[in-house]
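Here is what each chain is made of, one letter per residue.
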Amino acid sequence: MDESILSSIYKNESKNCEHSKNLPIFIRGNVNYGMGRGGKELGIPTANYPEEVVEKYSSLINTGIYCGWAKVDGGEVYKMVMSVGWNPYYKNNKKSMETHIIHAFENDFYGSQLSVVITGHLRPEKSYPSLQDLIDAIHNDISQAKEVLDEPENKSYMTHSFFTCNDSASTNNESQNRS
């Protein structure tokens with residue numbers, strides 16, 4: 001497996017929702033080219049994880065729309081929303097994990113390292129009757145994520161050590177200590 005993929009799973013016993021039972025989830029991997037729909041067709045750019053990252057997390061996270069925190073390479077940590085699943089509107093053949101970072105970047109960052117902490121589940125994945133309905137739902141997800149991530153239990157992850165360490169040994173040790 002690609003060494004750029006780093007993960008740690010922390011159980012949060014206070015979460016009892018089926019979609020939230022493994023949250024938070026910490027994921028690190030390189031940004032791949034997606035289908036080119038996020039920024040171009042939807043006006044909502046996304047960073048896509050490679051298939052091996054998606055496969056690794058398929059059994060750990062249900063399909064749906066999630067929120068949390070994201071960092072590209074050594075940059076700042078920003079709020080994010082992530083779609084995990086099949087993108088029913090587009091009828092994808094492969095499951096994907098697409099992250100929309102709530103920040104306006106000046107350039108694309110394909111090949112960069114994307115680190116995310118998924119802290120909350122916003123809604124199930126679903127299809128929409130029109131492209132505009134899908135776009136409206138995503139904008140609603142972004143608004144909801146901004147509010148949810150301002151809650152103290154979620155905001156604390158913005159400064160989590162996961163965003164400052166890049167080696168698997170330190171993260172794996174931390175994971176063992178938190179279990």
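Residues numbered from 1 in each chain as written. Predicted model: local features only at pLDDT ≥ 70, side-chain atom pairs only at ≥ 80, totals over all residues. Heavy atoms only, no water.

## Considerations on the overall build of the chain
Here is the rule we go by: A helix here means a DSSP run of H or I that spans at least four residues, while a strand means a run of E at least two residues long, and both kinds are numbered starting from the N terminus. Residue burial is assigned from relative accessible area. The probe radius is 1.4 Å, only protein chains are included, and a residue is buried under 20% of its type maximum, exposed over 50%, and partly exposed in between. The criterion used for residue contact is that any of the two residues' heavy atoms lie within 4.5 Å.
The secondary structure content of the chain amounts to 4 helices and 7 strands. Counting from the amino terminus, helix and strand elements in the chain follow one another as β-β-β-α-β-β-β-β-α-α-α. Buried positions account for 48% of the 179 residues belonging to the chain. Within the chain, counting contacts between residues at least 6 apart in sequence, those at least 24 apart form 67% of the total.

## Digging into unusual backbone geometry
Here the amide bond leading from L23 into P24 is cis, since omega sits at 0°, within 30 degrees of zero. Here the phi dihedral of D73 falls at roughly 50°; this positive angle occurs in a residue that is not glycine. Within the secondary structure, D73 is located in the loop between strand 4 (64-72) and strand 5 (77-85). Its identity is not glycine, yet K91 carries a phi of approximately 55°, on the positive side. Mapped onto the fold, K91 is located in the loop between strand 5 and strand 6 (96-101). Residue class for K91 comes out exposed when judged on its relative accessible area of 65%.

## Some thoughts on the packing of aromatic side chains
Aromatic ring pairs: the centre-centre distance and the angle between the two ring planes describe each pair. This is how the line gets drawn: Stacked, tilted and edge-to-face are the three classes applied to pairs of Phe, Tyr and Trp rings, where Trp contributes its six-membered ring and a pair requires centres within 6.5 Å; stacked means planes under 30 degrees apart, edge-to-face means over 60, and tilted covers the rest. Consider the ring centre and the ring normal. A charge sits over the ring if Lys NZ or Arg CZ is within 6 Å of that centre and within 35 degrees of that normal.
In this structure the tally under the stated criterion is 7 aromatic pairs. Where F162 meets F163, the ring centres are 5.5 Å apart and the plane angle is 65°; that geometry is what we call edge-to-face. Accessibility classification places F162 together with F163 in one group, the buried group. An aromatic cluster of three or more residues is present, and its members are F26, Y157, F162 and F163. Looking at R28, its charged tip hangs above the ring of F162, at a distance of 4.1 Å from the centre.

## Considerations on helix 2 (residues 131-149)
The cut-off we apply is this: To estimate how far a helix should reach, multiply one less than its number of residues by 1.5 Å. Taking the helix axis as origin, the arc is that swept by the directions to the C-beta atoms.
Taking 1.5 Å per residue as the helical rise, helix 2 with its 19 residues ought to reach 27 Å, and the 27 Å between its terminal C-alpha atoms agrees with that figure. Turning to helix 2, its buried residues are L134, I135, A137, I138, D141, I142, A145, V148 and L149. Buried residues in helix 2, looked at end-on, bunch into an arc of 160°, giving them a common side. Buried residues in helix 2 make contact with strand 4, strand 5, strand 6, strand 7 (113-123) and helix 3 (152-155).

## What about the pairing of strand 4?
The condition is simple: Note on pairing: DSSP must find at least two bridges between two strands before they are called paired.
For strand 4, a buried count of 9 out of 9 residues is recorded, marking the element as mostly surrounded by other parts of the structure. Pairing analysis gives 8 bridges linking strand 4 to strand 5, with the strands arranged antiparallel. For Y66, the partnering residue across the bridge sits in strand 5 and is M82. Where strand 4 meets strand 7, 8 bridges bridge the pair, whose relative direction is antiparallel. Looking at the pairing, K71 lines up with S115 of strand 7.

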